Amino acid sequence: GVRRAPFKEDVFYQIYPRSFRDADGDGVGDLAGILEKLPYLQELGITALWLSPIYASPMDDNGYDISDYRAVNPEFGTMEDLERLLAEVHRRGMKLIMDLVVNHTSDEHPWFREACRDRQSPYHDYYIWRDGGPDAPPNNWTSFFSGPAWNYYPEVGQWALHLFSKKQMDLNWDNPALRAEVAQIVRWWLDKGVDGFRMDVINYISKASLADGSEAVGKLMGFTGIEHYFYGPRLHEYLHELRENAFAPYGAVMVGETPGVGLEMAKQLTAEERETLDMVFNFDQLETPGHVRFDDYDYDLAYLKKYYLKWMAGMPDNCRMSIFWDNHDNPRMLGKIERGQEYRAVLAKLLAVLQLTLKGTPFLYQGQELGMTNIPFPSAAELRDVESLNLCRALEKEAGPKAAFEKVLAGTRDHARTPMQWENAPGAGFTSGTPWIWLSDDWQAGWNAADEAADPDSVLNAYKALLALRRAHPVFAYGAFAQQYASRRDLFCYTRTGEGERYAVLLNLMPGAAPRPRLPAGAACAYNSYGGPAKELRPYEAEIWRLE
Ligand code: ISL
């Protein structure tokens, strides 16, 4: 069975601070806004929060470009605000993890400034440099945010690597001084009482070599060079060392964001006896095979079932995966499956049941609990994300502005970054000012926290009920998973068994009615997404049954 640990019972909730709640009216969410909403999160039944970066940053990538790891960006508030928030989170019995972005720093970080100023500086070797003239970069690697992965710095006559934007410079983890520096930063925050970190693209930190990337892999993935760093030769060593030197003494949790690692690597990275990460985010569930994020297509729910069946069968009890499909880097899953309004609420509830009853650690993303979805942005002028803007610019050259915008609109990360819809009021209760990013009028149609709190059938109240059920029954955290009625391709049925309890979950994956499979005598309905069970399963109906 699964070994018990407090963090394994948690349901995490990701806050994207810019878009959560703006307390001071400047249009940008802030720490005071999060503090204000803690009662809401506690009532919802969340037990742990993950904050996307709030550190000092020029905000080229909304804070994933850090210029001071020990400072709070004034846009978000002060260090006192953060300490108050942490104390209040703990007082309410919740945990707080922060975002550790240490594959790269901002080019405005003093380390990088020093590195550029003087080749002899000890900080020079904190980054990844190659000699060469200004005409051609040292290899064919591409950045995830369009264009080559290298900048030329005439001051030192060298190229420096950046896998992300031009202002996000990759750190050289092969340098022990840099690794010691990162451990110090982690300990500094853990000393403040933070409960752990979500570690940004942490599987990219060990670069095997700087040889050219395969053109074939580049074509397939859309990025060239990735095979040289997505699971580098010293990755395990670096993570284990950081665990020993920083996390382990505090019992703090290490959650790896690990794009591109498959099942076998996820096992290697999370196996408890290997003492590396506590769990990973994998991303292969986010697009149905044959598609990439910027394709305009309807996601097939049957694939989500197939994916989790494979992973739950493949992950032994000593390994751990997170369960999620929404975050700040992707359009919302709800809208990828169904674009219309007809099934919006019931599909949101099905996804809630699924996420809170599969075996693993759920990470909810802000707004999921409201049934927030992807609303088409009106024009390219409304886009804010560096990835989207760079891609738009690159595509415009080939295809013109209209086609470029359509392509970007299908996959833009900005879909998930629109403001939280708190109230039926101007600014949606997010801000009294002008929101930093486009806000649709979706909040006027009942899709906001205040209206939903008052509606017993709302998505919000479904989440509350499901989170309460999960908290009351540790079988959902620890119990064994077994698929049932495997021949029913229109349904996803499974049991969770353990801790002296047994539950069955029935999900109708189709937007039409379906015959109901037989349940054992004595089964009692613990949750039904239509308010109570009927003879047939209705479109996207989701149920949980308590078995004797
Ligand atoms: O959006 C992507 C690129 O196409 C994703 O692959 C994403 O960049 C990747 O999952 C890494 O994401 C993390 O690191 C990035 C940052 O922009 C993302 O917001 C963050 O979640 C660089 O720090």
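Residues numbered from 1 in each chain as written. Predicted model: local features only at pLDDT ≥ 70, side-chain atom pairs only at ≥ 80, totals over all residues.

> Sorry if this is basic, but what is going on with the site of the ligand here?
Taken together, 13 residues are adjacent to the ligand, and Tyr 64, Phe 144, Phe 164, Pro 259 and Asp 329 come closest. Grouping the constituent residues of the shell around the ligand by class yields six nonpolar, one polar and six charged. (Near = placed C-beta within 6 Å. Nonpolar A, V, L, I, M, F, W, Y, C, P; charged D, E, K, R; others polar.)

> Before we go on, may I ask you to explain the nonpolar core in this structure?
In summary, soluble globular proteins display a tendency toward joint burial of nonpolar side chains. Counting 151 residues, the largest nonpolar core has Leu 49, Ile 97, Tyr 127, Leu 350, Val 353 and Leu 507 as its most contacted members. Counting residues in each nonpolar core, the second largest holds seven residues, with Leu 391, Cys 392, Val 408 and Leu 409 among its members. (Core = buried A, V, L, I, M, F, W, Y, C linked by C-beta atoms within 7 Å. Buried ≥ 20, exposed ≤ 12 C-beta atoms within 10 Å, placed from the backbone.)

> What is the right way to look at the sheet that holds strand E11 (residues 196–199) in this model?
Sheet architecture is open: eight strands sit in the order E13-E12-E11-E5-E2-E1-E15-E14, paired in parallel fashion. For this open sheet the edge positions go to strand E13 (279–281) and strand E14 (322–323), each flanked by a neighbour on one side alone. Judged from the two bridges that link them, E14 and strand E15 (residues 361–365) form a sheet pairing that is parallel. Bridge pairing in E15 links Ser 322 to Thr 361. (Pairing = 2+ DSSP bridges. Helix = DSSP H or I, 4+ residues; strand = E, 2+ residues; numbered from the N terminus.)

> What's the story with the domain arrangement of the protein in this structure? I'm lost.
By convention, interface size is frequently given as the accessible area that disappears when the constituent parts associate. Per the domain assignment, the segments making up the protein are domain 1 (9–103 + 176–377 + 420–463), domain 2 (110–169), domain 3 (378–411) and domain 4 (479–546). Each partner contributes residues to the interface: domain 1 has 17 residues there, and domain 2 has 16 residues. Split into classes, the residues belonging to the side of domain 1 that touches domain 2 amount to eight nonpolar, four polar and five charged. (Domains from an automatic or database assignment. Contact = placed C-beta atoms within 7 Å.)

> Mind showing me how you'd approach the packing of helix H11 (residues 344–357) against helix H14 (residues 459–472) here?
Each pair of packed helices can be summarised by the angle the axes make with each other and by the distance between the axes. For the pair H11 and H14, interaxial distance at closest approach is 10 Å and the crossing angle is 15 degrees. The pairing of H11 with H14 is recorded here as roughly parallel in orientation. Of the two possible hands of crossing, H11 and H14 adopt the one that is right-handed. For the pair H11 and H14, contact is made by Ala 345, Ala 348, Lys 349, Ala 352, Val 353 and Leu 356 and by Val 459, Ala 462, Tyr 463, Leu 466, Leu 467 and Arg 470, respectively. (Axes fitted to C-alpha atoms, helices over the stretch in contact; angles between N-to-C directions. Parallel < 35°, antiparallel > 145°, perpendicular 65-115°, else oblique. Left-handed = near helix turned anticlockwise from the far one by under 90°.)

> Honestly, the sheet that holds strand E8 (residues 150–153) in this entry has me stumped. Any pointers?
The strands that make up a sheet are held in pairs by hydrogen bonds between backbone atoms, and each pair lies either parallel or antiparallel. The three strands are arranged E7-E9-E8 in an open sheet whose pairing can be described as antiparallel. Whereas interior strands pair on both sides, the edge strands pair on one side only; in this sheet they are strand E7 (129–131) and E8. Averaged over all neighbouring strand pairs, the angle between strand axes comes to 30 degrees, with direction disregarded.

> Which parts of the structure should I look at to understand the pairing of E11?
Side-chain alternation along E11 places Gly 196 and Arg 198 on one buried face and Phe 197 and Met 199 on a second face that is also buried. Where E11 lies against strand E12 (residues 253–257), four bridges are found, and the strand directions are parallel. Each bridged residue has a counterpart across the sheet, and for Phe 197 the counterpart in E12 is Met 254.

> What's the story with the environment of Glu 342 in this structure? I'm lost.
When you line up the elements, Glu 342 lands in the loop between helix H10 (333–337) and H11. Note on Glu 342: 10 C-beta atoms within 10 Å, which makes it exposed. Linking Glu 342 and Pro 511, residues 169 residues apart in sequence, is a C-alpha distance of 9.7 Å.

> Got a minute to help me understand helix H4 (residues 110–117) in this structure?
Every α-helix carries 3.6 residues per turn, so stepping three or four residues along brings you back to the same face. Within H4, burial applies to Trp 111, Phe 112, Ala 115 and Cys 116. With its buried residues spanning 130 degrees around the axis, H4 presents them on a single face. On its buried face, H4 sits against strand E6 (104–106), E8 and strand E10 (168–170). (Arc of directions from axis to C-beta.)

> Help me out: how do you make sense of the packing of helix H5 (residues 176–192) against helix H7 (residues 235–247) in this one?
Running from N to C, H5 and H7 cross one another at 40 degrees; their axes reach a closest spacing of 9 Å. Here H5 is positioned oblique relative to H7, judged by the angle of their axes. Seen from above, H5 lies across H7 with right-handed handedness. Note on element contacts: H7 touches H5 through Tyr 238, Glu 241, Leu 242, Asn 245, Ala 246 and Phe 247, opposite Arg 179, Val 182, Ala 183, Val 186, Arg 187 and Leu 190.

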